[in-house]
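# Analysis of the macromolecular model
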Amino acid sequence: MTIGEILSKAILNTCLGMGTVFFMLLFISCIIYMFKFIPDGADKNPKQEAEMKNTGSNDKEASDEEASYDDEIAAVIAAAIYAFEEDKKDILKSEGAHQFTARKLNKR
């Protein structure tokens, strides 16, 4: 095979690979574009909307539950951070942290 034949095959392979990638990106962007045509289920019938308006107290209870749930999550995160900090202090105090030393290695 001559250098010209090798280069022509290499260019053909490069174009084929880049074309495949470009086509797949175009295909994915078309799929993402089509998502706006899929209904999201937010359309409710008027009867359901009227029922939701009549039960306004349920919204307050739901927000109270969300607030208590958020407080629980904040408490769990704070406890995890505290436990991590305590573990770090224990590791630094232990003798195992001071066992390792760095030495220079010389080739002979």
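Owing to the predicted nature of the structure, the values given are computational and were not obtained by experimental measurement.

What counts as what
- Residues numbered from 1 in each chain as written.
- Predicted model: local features only at pLDDT ≥ 70, side-chain atom pairs only at ≥ 80, totals over all residues.
- Heavy atoms only, no water.
- Helix = DSSP H or I, 4+ residues; strand = E, 2+ residues; numbered from the N terminus.
- Buried < 20%, exposed > 50% of the residue type's maximum accessible area, 1.4 Å probe, protein only.
- Areas by Shrake-Rupley, 256 points an atom, 1.4 Å probe, with all protein chains shown as cover.
- Patch = residues over 30% accessible without salt bridge, like charges linked within 9 Å, V, L, I, M, F, W, Y side chains within 5 Å.
- Salt bridge = Lys/Arg side-chain N within 4 Å of Asp/Glu carboxyl O.
- Phe/Tyr/Trp six-rings, centres within 6.5 Å; stacked < 30°, edge-to-face > 60°.
- pLDDT = per-residue confidence, 0-100.

### A closer look at the overall build of the protein chain
The secondary structure content of the protein chain amounts to three helices and zero strands. Beginning at the N terminus, the succession of helices and strands in the protein chain can be written as α-α-α. Put simply, the protein chain has 108 residues, and 0% of those count as buried. Accessible surface computed for the protein chain: about 10,800 Å², of which carbon and sulfur atoms make up 64%.

### A look at a nonpolar patch on the surface
A cluster of nonpolar residues, Phe-23, Met-24, Phe-27, Ile-28, Ile-31, Ile-32, Phe-35 and Ile-38, forms a patch on the protein surface that exposes about 810 Å² of accessible area. On the secondary structure map, Phe-35 appears in the loop between helix H1 (3-34) and helix H2 (46-54).

### Some details on the packing of aromatic side chains
Under the definition given, this model contains one aromatic pair. Centre to centre, the rings of Tyr-33 and Phe-37 are 5.7 Å apart; their planes meet at 80°, and the pair counts as edge-to-face. Its relative accessible area of 46% is what places Tyr-33 among the partly exposed residues. What makes Phe-37 exposed here is its relative accessible area of 52%.

### With respect to the confidence of the model for the protein chain
Within the protein chain, residue pLDDT values average 79, and 63% of them lie at 70 or more. Element-level pLDDT for the protein chain is lowest in H2, with a mean of 64, against a maximum mean of 96 in H1.

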